[in-house]
Amino acid sequence: MEGKEIKITKKRQAILDILKNTDEHLTAENIYFILKRKNVRVGLATIYRTLDLFYQNGIVNRINIGDGTIRYEYIDKKSVHHHHLVCIKCGKVMEYTDDEEQEFLERLAERLKEKQGFTVLSHEIYLYGICKECNEKRTSD
């Protein structure tokens, strides 16, 4: 397990394996039901505590798209920094990255440092709209 040293239990490993092996942004409840289908007995409170421990140790990222539900994604040290596209129709959360956008954000951080004395340490961008599938449904109705 990556991150700071934390005790590896079978339940923690099962939760981490689910997050490592999905492209989806899962809630604690999603993880609970996946584990239940796999006949892994773990309570929802244990999942929440484990996800918090993983978050505190830099193993997972919390995603809050403003709907009152926290989603989680595994932090793959090899992956590129990305942002999230959120469909307001179906709730799908998609990852997005672009080199030009990254350059813009780096220039913005430099300007903020120069003009405001503000050092950007991190950022999260969520773009809200309608996904391709929902757009296609709208035009076919």
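Preceding this section is the structure that the text describes.
Figured I'd write up the structure that's included with this text.

What counts and how
Residues numbered from 1 in each chain as written. Predicted model: local features only at pLDDT ≥ 70, side-chain atom pairs only at ≥ 80, totals over all residues. Heavy atoms only, no water. Helix = DSSP H or I, 4+ residues; strand = E, 2+ residues; numbered from the N terminus. Buried < 20%, exposed > 50% of the residue type's maximum accessible area, 1.4 Å probe, protein only. Lys, Arg positive; Asp, Glu negative; His and termini not counted. Charge placed at Lys NZ, Arg CZ, Asp CG, Glu CD. Axes fitted to C-alpha atoms, helices over the stretch in contact; angles between N-to-C directions. Parallel < 35°, antiparallel > 145°, perpendicular 65-115°, else oblique. Left-handed = near helix turned anticlockwise from the far one by under 90°. Contact = heavy atoms within 4.5 Å. Phe/Tyr/Trp six-rings, centres within 6.5 Å; stacked < 30°, edge-to-face > 60°. Lys NZ or Arg CZ within 6 Å of the ring centre and 35° of its normal. Pairing = 2+ DSSP bridges. Salt bridge = Lys/Arg side-chain N within 4 Å of Asp/Glu carboxyl O.

## A short note on the overall build of the protein chain
If you tally the helices and strands in the protein chain, you get five helices and five strands. Secondary structure elements of the protein chain, listed N to C terminal, follow the sequence α-α-α-β-β-β-β-α-β-α. With respect to the three principal axes, the spread of C-alpha positions in the protein chain is 50 × 50 × 25 Å. Here the protein chain holds 141 residues, and the buried ones make up 27% of them. A distance of 10 Å separates the average location of the 24 positive side-chain charges in the protein chain from that of its 23 negative side-chain charges.

## A short note on the packing of helix α1 (residues 10-20) against helix α3 (residues 44-56)
Running from N to C, α1 and α3 cross one another at 70°; their axes reach a closest spacing of 10 Å. Considered as vectors, α1 and α3 are oriented roughly perpendicular to each other. Every pair of crossing elements has a handedness; the one defined by α1 and α3 is right-handed. On α3, the residues that touch Arg-12, Ile-15, Leu-16 and Leu-19 of α1 are Ile-47, Thr-50, Leu-51, Leu-53 and Phe-54.

## What to know about unusual backbone geometry
Phi is positive for Asn-39, which is not a glycine, with a value near 60°. Turning to its location among the elements, Asn-39 is positioned in the loop between α2 (28-37) and α3.

## A closer look at the packing of aromatic side chains
Within this structure, the stated rule accounts for one aromatic pair. Ring centres of Tyr-32 and Phe-33 lie 5.2 Å apart, and the angle between their planes is 75°; this geometry places the pair in the edge-to-face category. We classify Tyr-32 as partly exposed; its relative accessible area is 25%. For Phe-33, a relative accessible area of 45% translates into the label partly exposed. One residue, Arg-62, lies across the ring of Tyr-55, its end atom 4.0 Å from the ring centre.

## Focus on the pairing of strand β1 (residues 60-64)
Note on strand geometry: in a regular strand, side chains alternate between the two faces of the sheet. Examined bridge by bridge, β1 and strand β2 (residues 70-74) share five bridges and lie antiparallel to one another. Bridge assignment links Arg-62 to a residue of β2, and that residue is Tyr-72. Linking β1 to β2, which pair antiparallel, is a turn of five residues; within it Gly-66 sits at a positive phi near 90°.

## Quick notes on the pattern of salt bridges
One side chain can pair with another of opposite charge once the charged atoms of both are near each other. Under the counting rule described, the total for this entry stands at three salt bridges. When the shortest N-O distance is used, the salt bridge between Arg-62 and Asp-52 registers 2.4 Å. Separated by 10 residues along the polypeptide, Arg-62 in strand β1 and Asp-52 in helix α3 bring together distant segments of the chain. A residue is classified by how much of its surface remains accessible, and Arg-62, at 27% relative accessible area, is partly exposed. Judged by its relative accessible area of 32%, Asp-52 is partly exposed. Note that Glu-133 and Lys-92 form a salt bridge whose closest N and O atoms lie 2.7 Å from each other. Taken together, the positions of Glu-133 in helix α5 (residues 132-140) and Lys-92 in the loop between β3 (83-87) and β4 (93-96) put the pair 41 residues apart, joining distant regions of the chain.

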